[in-house]
Structure formats: structure tokens, C-alpha cells
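# Working through the structure, step by step
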Amino acid sequence: MALLGALVCCLVAAGLGRPGLGMPLAPAGGPSPAPTAGQFWHVTDLHLDPTYHITDDHTKVCASSKGANASNPGPFGDVLCDSPYDLILSAFDFIKNSGQEASFMIWTGDSPPHVPVHELSTEIVINVIANMTATIQNLFPNRQVFPALGNHDYWPQDQLPVVTSRVYNAVADLWEPWLDEEALHTLRKGGFYSQKVSPNLNLRIISLNTNLYYGPNIMTLNKTDPADQFEWLENTLNISQQNNEKVYIIAHIPVGYLPYSGGTMAMREFYNEKLIEIFRKYGNIIAGQFYGHTHRDSIMVLSDTKGSPINSLFVAPAVTPVKSVLQKQTNNPGIRLFQYDPHDYKLLDMLQYYLNLTDANLKGESNWELEYVLTQTYNIEDLQPKSLYGLAKQFATPGNEQFMKYYKYFFVSYDSSVICDEKCKAYQICAILSLDHISYKDCLKQHYIKHHP
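Here the residue numbering is sequential within each chain, running from 1 through the sequence in written order. Thresholds applied to this predicted model are a pLDDT of at least 70 for local features of residues and 80 or more for the giving and counting of side-chain atom pairs; totals over whole chains, interfaces and linings are not thresholded and use all residues. Here the side-chain values reflect all heavy atoms present in the structure, with hydrogen atoms and water set aside.

## Quick word on a nonpolar patch on the surface
Heads up, the condition is: Only residues whose relative accessible area exceeds 30% and that take part in no salt bridge are eligible for patches, with like-charged residues grouped when within 9 Å of each other and nonpolar side chains (Val, Leu, Ile, Met, Phe, Trp, Tyr) grouped when within 5 Å. Per-residue accessibility takes into account occlusion by the displayed protein chains alone, with areas from the Shrake-Rupley method and a 1.4 Å probe. The salt bridge criterion pairs a side-chain nitrogen of Lys or Arg with a carboxyl oxygen of Asp or Glu, the two atoms within 4 Å. Secondary structure elements follow DSSP: runs of H or I of four or more residues count as helices, runs of E of two or more count as strands, with numbering from the N terminus. Relative accessible area decides the class of each residue, using a 1.4 Å probe on protein chains only: under 20% of the type maximum gives buried, over 50% gives exposed, and in between gives partly exposed.
Taken together, the side chains of I218, M219 and L221 present a nonpolar region at the surface, about 290 Å² in accessible area. The topology assignment puts I218 in the loop between β5 (203–207) and α6 (229–242). Judged by relative accessible area, I218 falls into the exposed class, the value being 56%.

Structure, rendered in C-alpha cells:
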């Protein structure tokens, strides 16, 4: 089934309600906490595979399995495949029917599937992003949405350019209902923008194109400031500071180190260090940072050069459950809701929802559930940097039960028997606490290397 042809069915379905999709369920522990604050949703890494279909030949269930046998395909997907449309629709249906009042949504990129380059094209990538945009706009006609581009939201993947392009222009046209003229101007120019959140006029969203800093992007090799985004970011933060605004940073590829791979940054080191420098400089006005890309659920705490925590960062898990044949673990599909203080935009709490994919496929219905409430699960006061820093220090103690929970949630409760050995734990702890090269090296020395010379 051709990818482009397969998109047609999805676009038709986008306008239709379907039974058995996304009906909200109260968690086992009772109803969700009543909002005493502002709220917003975060969705990421939808990775639609329009070719997904149930067939007896498991090598042909989806293009994203790349010829491998799908393990246990059902109506809501398979762990060797990217998202069928019904999975994505079930997530948005759940948000719509959850009863949670939210003032906006952030959507941090990656709509197309993980397939070989020759199976996609600029036209197909734009069509997939258009499909996902139409789905969101149909279900939430009055919801303010702030998108960010992902490394797969381009063709060839990862190669996002430093000048205007067909994709940048196309997404600006698609996202025009959500963004103002100035935001659309910089989006067309370099894939990034900033905009105030109405009616919270002292809150600004800055949507960065961190794909410009991604290792595989050859378009930005040897460039010190691709698309002049660093200069623009500093200017934007400087104006926000002068105007007493608070800022939420959103982007696809996160700063810092990958928690599952020792010593590997998510982006090129030069760019990471530059971003960290800017975030430290304006840490007093940045009220939160939100990323995707890894498909896993993790936190980070940015500290200043003296070691004091100044910023909370959150990497949200993917909606797609996809993994490669060689990977043992993957994630259940996840979406999340943040709660913030409407006076100063401080982050108060986060509710992580998930779909038990095995269960959903077995029952033929998508019962999205509350997986955990961050402050309740870890017994912390709020999502402020000091609270998360204290939590990470707890994690670091030997045999810490809080960390065992954190590691289970890292995979969105995909496998409760999963074990993180000493080396694995050191990588996780240092990824949370140390976002720049020097502090990360020191952290590994403290938590692992000194015990294993």
C-alpha cells in the first residue's frame, strides 16, 4: 500500500467520531485531581504510519517494521510499527473527552513514520503533517496549539535547512489558524517562532528548531549559528525579560545527554553548550522546558554554574510504540497534562496518561488511563527545579524505590519487571542532573567511575 494513497483514508476518518476510541477512564485510585490551576496538554512523536493494516502476512502489516514480522498486531498498533491512525485518533479523542479544561496544547513534532528515505518525499511528509494538523483542528476547533518541528518532519529526514523551504512554508500555511504574523514569518524563515499565550499575556512560548543542531543534519555542519536562531533566541528572551514575561521553551530534540546511552548528547556538543549558556543566562524567566524525540519519559534539572537548580525540563514519551527488532524495551503510548500557577506560570504538577497497548488490542477498545501524578507519586511539593533536584538526589541513593518507579515510568509502564543496573542508573541520574559536558563528566565520576576504576 503506497504511503500517499494510504493517507486518504486517514483524512476522511479525521472528521468522524468512532465508538470505542479514547473514552476517559478514572484511574484505579479514584478520579483525577480537580484543577486548581491553569492546564495544558503535551503530545509528541505521533509518527503516523498510514500503511498499517491487519493482515495474515505479519511482514506486511506496516512499512515501519521494514519487513520484520509484526509481533502482535491489533487495532491500535504493534510494537514493531509506528502509529496506526486509530491509535492517534484515540489519544486525541481521550483528550477531548477527558473533562480536563486546558487553555492550550503543545505538540513537539515528528508526524511521519520511521521508513527508508526512498519511501517518503517532501510531498508525503507535508501530507502527513497536514493530516495530523487537520485531525487536531477538527477535534479542537477552538484550542490554541503551539507546534514544534521534529527531525522526521522533513525530507530527507534530519536535513532541516537554515533557509526557507517547501516544508517551512507548508507548515506556516497549515498552522496559520494558531499563530500570529510575526511567528509565521520566522517559521517560514527558519522553522522556529515565539508567541504570547492568549489570554495569559505574560506567558510566551518559544518554539525552537533544535533539529538544526542534530548530529545527522549535514545542512548545519560547521555553522556557528544555523539560521541565526541563537541570536534570535537571545533577543527574544531579552525582550521577554524587559517586559516581565515568563517563557516556556518547546522543541523536539532536547538539550543534555541521552539517559539510555552513556556520554551521548541528543545534539552536537557545541550547540548544546551554547543553548545551556543562554538558558542559564535567562533562567529566571524560563518557567519550563518541554521536549520529545527520545520516545521516553524523563526529567532534567538545569543548574547554574555554581550548582544551584534553576530550570525544570520535561521529555515527554511518544504516542508511537515503535521499536526496532533488536530493542528489548519500548514505550506504551503516552500523553500528558501539565498544571501551572496562572499568576506566575510556575509548574505545579503533571498528569501522565497512557494506553496499555496489549490490553487495548485484546479488548478492541482504547482505555487511556492515568499512569501517575508526578507530585503524588514522588511525594514532592511541585515541579520547581529545587523539588526535582531533591528528587534526583533521592534517586541516586542505593536501592531507592522512587528510582525504581521512575525507571518503570521511563518506558511508560511497558514492562514492570525491567531492571536498571548500576551503570544504567548512573547514566539516568547524570542525564537528569548534568546537562553540560563538564558537569556530566564530573557526575559520572561521582556516581559510577569511582566505584569501577
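## Details of unusual backbone geometry
Looking along the chain, the bond that leaves W155 and enters P156 is cis, with omega of -10°. By the secondary structure assignment, P156 is in the loop between β3 (144–147) and α4 (166–174). The omega angle of the peptide bond from S198 to P199 is 5°, so this bond is cis rather than trans. On the secondary structure map, P199 appears in the loop between β4 (193–196) and β5. The backbone of N379 shows a phi angle near 55°, a positive value even though the residue is not glycine. Summarising the element assignment, N379 is placed in the loop between α9 (374–378) and α10 (385–395).

## Observations regarding the confidence of the model for the protein
Definition in use: The pLDDT value expresses, per residue, how confident the predictor is, ranging between 0 and 100. Note on definitions: a residue-residue contact is assigned when non-hydrogen atoms from the two residues lie within 4.5 Å.
Residues with a pLDDT of 70 or more make up 91% of the protein, whose mean pLDDT is 93. This model gives residues 12–31 a pLDDT under 50, and the stretch forms 40 contacts once residues within four places in sequence are excluded.

## Here's the deal with the sheet that holds β5
Where we set the bar: Each pair of strands is called paired provided DSSP finds at least two bridges between the two strands. Axis lines are fitted to C-alpha atoms, over the contacting stretch for helices. Their N-to-C directions set the angle, which ranges from 0 to 180 degrees.
One open sheet holds the six strands; their spatial order is β4-β5-β6-β7-β9-β8, and the pairing between them is mixed. Only two strands of the sheet have a single partner each, and these edge strands are β4 and β8 (298–303). Taking each pair of neighbouring strands and ignoring which way they run, the sheet shows an average axis angle of 20°. Across three bridges, the pairing between strand β7 (residues 286–291) and strand β9 (residues 309–315) is parallel. Bridge assignment links F290 to a residue of β9, and that residue is F314.

## Points about the state of the cysteines
For clarity, the threshold we go by: By convention in this document, the label disulfide applies to cysteine sulfur atom pairs within 2.5 Å.
Under the definition given, this model contains three disulfides. Residue pairing for C62: its cysteine sulfur links by disulfide to C81, the two sulfurs lying 2.1 Å apart. For the disulfide bridge between C62 and C81, the dihedral angle about the S-S bond is near -80°, and by the sign convention the bridge is left-handed. Within this pair, whereas C62 is found in the loop between β1 (38–43) and α2 (85–97), its partner C81 is found in the loop between β1 and α2, the two being separated by 19 residues in sequence. With relative accessibility at 4%, the residue C62 sits in the buried group. Its relative accessible area of 0% is what places C81 among the buried residues. Between the sulfur atoms of C420 and its disulfide mate C424 the distance is 1.9 Å. The S-S bond linking C420 to C424 shows a torsion near -105°; that makes this disulfide left-handed. Residue C420 shares its accessibility class with C424, and that shared class is buried. The disulfide pattern of the protein is 1-2, 3-4, 5-6 when the bonded cysteines are numbered in sequence order.

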